[in-house]
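Listed here are the chains, written in short residue letters.
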Amino acid sequence: MQTSHVPMPPVPTSSLPPPTHPPPVNHPASSLHPSSSNHPTTSAASSTAPNPDQLKDKILMTLGGDDPVIMAFSSLSVESIHDDVEKLVREAVQDKSPEVRRHALQQINLTLQDVTVNPARVKMILDIMSKAVQDGVLSGREVCECLKELLNTDIESLSMELLNFFDVLIGCTDHKICQEIFTSCLQETSKLPSVLSGTHHKVAVKIKSMLVKLLDRDNLVMPPICSYCDIMIAFNKPNVYPHWSVSELLTEYVSTFNCLTHLMTIENTDHFRPVVGHSFQAPLGWKLDQTTLTFHTVNPAHFILRFNGPYSVPQTDLMLYTLKQAHCRDFVMNTMLMLRQGKGTICPVMEEVFMQLIKDTAATSDSHDLNKIKHWERLGGELASLIFSNTVYLKSITETLARELKQPATFAVLQKHRDYLMWTIHRVFSFCLKIIRVHRKELLYMSDMIKLLYPEQSALPLPDLNSQLSVVYLSAASLWCVFATRSADNPGILDPTPPALLEHVNFLKSPHHQYSLSDFTVCIALNHVNDFIPNFVSTPEAYSNAMRFFMESLYMSQQTTLLPGNVQVVAALTPIPLDILDMLSAHAKLNFIVTINNHINKMSDPHDAMNQTARSPSPYLAPALLETFSRLLSYVDIDSNSLKMVMNLIVSVHNNHSEGIMCSLLEMFVYRMQFVKQTTHRMTMLTQCQSLAGLFQQSGPSTHPQMLYMLESFAMRVLKLLNYHDHIRISSSPAGVKILSSSSVELNKLFILTAARSAVVSGNKLSQNAWLKPFMDHMIAQTPAVRDWSPYTLTYFPQALLSYCSHPDSYSAKNLTMLVNDALAAIQQAGLKHDVAKYYKEQDHNEIFLCILLRKVLETDALPNYATKVTQQWTASVLRKQIRNMIDFILLEVKSTKGANTIFMKMANTLSEFVFRYYIMPFDTLLTILSLHKYSEQDANISFYLIYNLLIKKAHFRERCDAFITQATPAFWRTGDWSDMHYKYHSKFPEHQYWMRNDFMDQRGGNVHLPIYFSNLCLRCVPVFDIIIHRMIELPPKNSRTWLIDILRMFSGLFAYHDAPITYVHNTLFYYDLMLASERDLEKRLLVRSYLEHQICKPMDFLSAQFLAYVKSDESVCKWEPSPGYYLELVTKMNDVIKSSDGPEFSSIDWRFNEFGNPVCMMLYLTAIELMSIPLPALVPVKSPPELLSEHRLNIGTKLVDIALTNTTGQLPDLCNTLGILLSALPVAFSHAVYRKILEVIKDESNFYESEENVGGVLWNNKANNILILVHSFFQHCKADKIGYLPEFITQNLALFSNESKVVYIMKLVSPFLCHLFRNPPVRNQTLYALYQAMFNLLGENSVSNPDLFVDYMYYIKYIYAGVEFKPLIEQHLPMLPANIASKLKLLAIGKDAPS
């Protein structure tokens, strides 16, 4: 039988390789004394010390005088003066205060320095000090603190005597002094010469004998982990090794920690791969050292213990895998390398990684020319980002590339793709030349490469300018022109132009006067003519001419066109096509963004001269300009400063009081930049928008309501995309609470809903999060109604949120009907005397005016003529309050009136009239408030039936949706006629937003509406549907099943415009796991189908055939049981995508406009949706639905785990990585299969063996080792709820850890991931407590073959994690342990050490 054991990497006998980082121990590396907090400071001592009474002088006189010559030849015997000197010393220190003793010891220190000429006197004084320590007159700490500095002297005789003195102290002082003595001995060895003779030989022998005593494991005088740490510190520099006299001793001692080191390592960690962009990806396991690319996590073990294997070699494969993922820049720079812009450290290994990446890109881009462009474009953007962050040198990349091209194999691969290689380098240089000075040597490398790659002696023909590839084919010539330009900062290339590029170079140098969007001439010009090297073309205006052409095509038109709302704008409707923007270099894109940014700034400035001319016939932005602006901001190679610049632009436009442009920019963020994947940018935008909303609310009627409406739409979309890690990032920011609304109850409720959902999906219960209280307190203070929740919604909240959201009603609606009746009577009487609108404004009951209107319309079937005069004065917050009161009034009327169905239908008709006939309120706002209002179960049925009627029974909204879905396309980036299509839709279904106060025409002298570019009622309702569907799932199925099914079927086409449909389905299945699995099987299938079948990326194509058949079934109950090979097929497909995410099946997806940044992340969510959707088996009467669901999920998890255990393809590490990723993304019931397998392995005695020939006497077979790899993969990827089950699992099965092999096995499973529990201290401490219990139970039997492993482990835990946390437990167990083991663990229970 094949076996595997705990390996011990060999330790060199001649050297101790230093660790990468200094360890977090309890004393500084350069100091020999404990922290200064344990001792009085020198200044304090000197200020409070008494008169020394000439102690030094008295001792010297007793010794025969202070003259060195007399001292050396003094005839006084040591015996005759010993008692007198001892008396002087004892009188000076005995029963004195610490300050007096400290001062006296300083005098003795000075005395020793003066008597070094007489070794006998030195020995006598040190003997006196030693006896004082043994008698308790002085403490070893005080003496060591005083005398340690003498070791730094060059007096050999003094050093020898001091070593003898310290040798005596070892047995009579505490472990901290022994540790200082040990450090001193290591320092002394560095002073020894290679050849030992005389005194040096004696010193070496003495030091070795002391080290033997200090490192004696059978008689511990200091914690072993501390001595190990000091050894590693002492030799932490290159080419610094122990002296040969102690090298063997130290090497053997260090080798005893190899087993502990192995316990802290992750098995097959070099085969594990992260999911880039996965919101719940644990970041701790993927951190790499910035200079070497070796693993560098926050695990303190890596700061102390010396690792071999994968931990000691650069992780080039891991970095290569990551760089091949689209949108990986944030993960590489912020998670793996933790870089800041311009603050990186040069990493030579990254040059090799990029060289391999270039080769792989060339190898995988052989199929189609347009696919090549995507791969090489991403490569150039990633390389430019790392150069910009100072991680790699531009010079090093060019030098490496030039060297590699001289290799025949590399040259053969890259020569086929030379144009793409030159295009990539051109993009990098165009981005970096402005910030990096180019040296002549780099230019020579580039010229050599170009001449090598283009050896033809005849000129290459000009490419077809109508093709994208023309930009690629002309890149080499453009590079040559740039590098041949001579200037003060650029020495230029003096070589003649290669013959192959002559015609290309001549073409580039000729001026281009005619540009067109039908070819790529303008791209060639902008890429080639850089504004920082303007003098290598015949016309210096070449760059500005090309940029001017772009800008004029976007706004320089004297004709105007109408936008929805009858707003005139410049008739520039067609944006710059993506095909052209794709071929621009990063530098050209950045300049384009800056140019548009400046243009918008000028348009918004009322004092700018541009607005005083007739150049622009409209004060609003052209649709083509706004669309192009949003497309430019979507590119991954755009610097993050671009988005910051846009946010500053919004502030500038706001300061210029240009509401039309301001609203346009906000609309662009809402409907064109929803795919911004950087959380930081989304949070910055949301914070600024909420701040602006607060300012607008304060300004009252002077602010256009459409502006507030757009701000709320933006906030709603961003809040719905938040995940748990986003909440953590928000809370860590001082301005985090600024993302909360100061006036909107619904927006703050939405924040709470996302916090609850993300907490459940991420496995975090929020109980340990300090950010929750200040956020909730802030929301309650601003909007008290945020605490009002329906009981069916609270059922799914984490416990930590319930304490804030469960409280008595803050408002009672019982008297609402009476108030409305009284108000109607008062208004009727007032109408006989004076204006009703004026009277209404003066009354205290102005929050029920909508209730009054509702009653009036029900009675008269017409809106009172004073209604508009009142409603047009409302702000957004007043309108929302009115709607909430109106909902309560409707519920009271329906429940208290006979013929409830009749009155309900009248209410529904009136509400529809309010929205679509009288335009009193926006439809999406009404739906949002209806779905988030607090209800009892009876009220919820009425309210959601009302929503159902408004959506389904009434034709207004359905007709709009049908027309919009038919005319529009969700792939807005592929079309150039969105504005024309959108205007046609609005022409058929105009949105007269008179609820926006139509008196703006009188106040401003302009149109009521601000321009509308992308927005319409259908799109505004898409995020509202998410809320409605969740609330209907929470309701009892008997009431809401029909409503939910009809809504999902009716509006499935509209969900194609959802920002994150796959994530929404995944989170819904996760959050409402039990309800959807047990009682809503049909609704679950419809949810998956409705949200996924109309998406542009066609996610249904990536689902399995069995699952598609199940989802497309319309039966109320569909019994589907996956076939035996289903799970293997699912895992294999996911594994293949992880290994190669550039497959042809993903070539049609533009990841810039997708909710995910790469195929791996999308496939993870789709696979999780499949596994969570597998229906329950037939109900068992004796089991409750939760029990049945847990057992069902456990069985599925077991089948997944068995795939790895029965694998015979040799891909075990890859499959384990895939399974770890999948299990971490699924509910916790699936992952219990992992713990079940651990239990099976431990219960089977045949999996473990005892052998004295192996390290630790431990051996386990392949089955146990396979489980070990799988568990490590699972823990590497998993979330808090999965690893939080560890302490309970160990505690429940303590009785099974009956022998050494099993205890070591569970330690090996758990130990590498203790660092993951840093953010969850209770779980960490519970896990460590359980491990301590298992180890103490084992050690108590006195049958351990390698007790030092457990001793080292316990000391390691104490000094790294626990401190004195487990001191009571240790004191309880020490008396019950065998004497030999108890003596080794005695230092665990002393001191007040805190974890470092």
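Residues numbered from 1 in each chain as written. Predicted model: local features only at pLDDT ≥ 70, side-chain atom pairs only at ≥ 80, totals over all residues. Heavy atoms only, no water.

Describing the side chain of Ser1104
Structurally, the position occupied by Ser1104 is in the loop between helix 55 (1081-1092) and helix 56 (1105-1111). For Ser1104, the residues in contact, after removing those within four places along its chain, are Tyr1126, Glu1129, Lys1133 and Glu1170. (Helix = DSSP H or I, 4+ residues; strand = E, 2+ residues; numbered from the N terminus. Contact = heavy atoms within 4.5 Å.)

Focus on the nonpolar core
Counting 463 residues, the largest nonpolar core has Phe592, Phe797, Met886, Phe914, Leu951, Phe957 and Leu1385 as the members making the most contacts within it. Ignoring any residue separated from it by four or fewer positions in sequence, one finds Met886 in contact with Leu850, Cys851, Leu854, Leu911, Phe914, Met921 and Leu926. (Core = buried A, V, L, I, M, F, W, Y, C linked by side-chain atoms within 4.5 Å. Buried < 20%, exposed > 50% of the residue type's maximum accessible area, 1.4 Å probe, protein only.)

Some words on the packing of aromatic side chains
Throughout the structure, instances matching the rule amount to 51 aromatic pairs. With a centroid separation of 6.1 Å and 40 degrees between ring planes, the pair formed by Tyr1013 and Phe1014 is classed as tilted. Across this residue pair, the class does not change: Tyr1013 and Phe1014 are buried. On the numbers, 5.7 Å between centres and 80 degrees between planes, the contact of Phe1025 with Phe1055 is edge-to-face. With Phe1025 in helix 51 (residues 1017-1034) and Phe1055 in the loop between helix 52 (1037-1050) and helix 53 (1061-1071), this pair connects stretches of sequence that are 30 residues apart. Pairwise contacts between aromatic rings join Phe916, Phe923, Phe957, Phe1025, Phe1051, Phe1055, Tyr1064 and Tyr1091 into one cluster. Of note, Arg217 hangs over the ring of Phe257, and the distance from its end group to the ring centre comes to 5.0 Å. When the ring centre of Phe972 is taken as origin, the NZ or CZ atom of Arg672, which lies over that ring, is 4.1 Å away. (Phe/Tyr/Trp six-rings, centres within 6.5 Å; stacked < 30°, edge-to-face > 60°. Lys NZ or Arg CZ within 6 Å of the ring centre and 35° of its normal.)

Some details on the state of the cysteines
Applying the stated criterion to the full structure yields 0 disulfides. Counting only cysteine sulfurs, Cys961 is the nearest neighbor of Cys1018, a cysteine outside any disulfide, at a range of 3.9 Å. Cys1018 gets classed as buried once you look at its relative accessible area, which sits at 0%. (Disulfide = S-S within 2.5 Å.)

Thoughts on the pattern of salt bridges
Here the idea is simple: oppositely charged side chains can pair when their charged atoms come close. Evaluated as defined, the whole model comprises 36 salt bridges. The partner of Arg217 in a salt bridge is Asp1348, and the shortest N-O contact between them spans 4.0 Å. Taken together, the positions of Arg217 in the loop between helix 10 (199-214) and helix 11 (224-234) and Asp1348 in helix 67 (residues 1347-1362) put the pair 1131 residues apart, joining distant regions of the chain. For the pair shown, Arg217 and Asp1348 are each scored as buried. (Salt bridge = Lys/Arg side-chain N within 4 Å of Asp/Glu carboxyl O.)

Description of the packing of helix 36 (residues 745-762) against helix 37 (residues 772-782)
As a packed pair, helix 36 and helix 37 sit with axes 10 Å apart at the nearest point and diverge in direction by 160 degrees. Compared by their axis directions, helix 36 and helix 37 come out roughly antiparallel. At the point where helix 36 passes helix 37, the crossing takes the left-handed sense. Mapping the contact onto sequence places Asn748, Phe751 and Ile752 in helix 36 and Phe775, Met776 and Met779 in helix 37. (Axes fitted to C-alpha atoms, helices over the stretch in contact; angles between N-to-C directions. Parallel < 35°, antiparallel > 145°, perpendicular 65-115°, else oblique. Left-handed = near helix turned anticlockwise from the far one by under 90°.)

Section: the packing of helix 46 (residues 923-932) against helix 47 (residues 937-953)
At a minimum axis separation of 10 Å, helix 46 and helix 47 run at an interaxial angle of 155 degrees. Classed by the angle they form, the pair helix 46 and helix 47 counts as roughly antiparallel. Once helix 46 is placed against helix 47, the crossing between them reads as left-handed. Note on element contacts: helix 47 touches helix 46 through Ser943, Phe944, Leu946, Ile947, Leu950 and Leu951, opposite Phe923, Leu926, Leu927, Leu930 and Ser931. The residue makeup of the contact of helix 46 with helix 47, split by class, is 9 nonpolar, 2 polar and no charged. (Nonpolar A, V, L, I, M, F, W, Y, C, P; charged D, E, K, R; others polar.)

With respect to the environment of Val246
Along the chain, Val246 turns up in helix 12 (residues 244-255). Once the C-alpha coordinates of Val246 and Leu186 are considered, the two residues, 60 residues apart in sequence, prove to be 9.3 Å apart. Dropping the residues within four chain positions of it, Val246 is found in contact with Thr189, Lys208 and Leu211.

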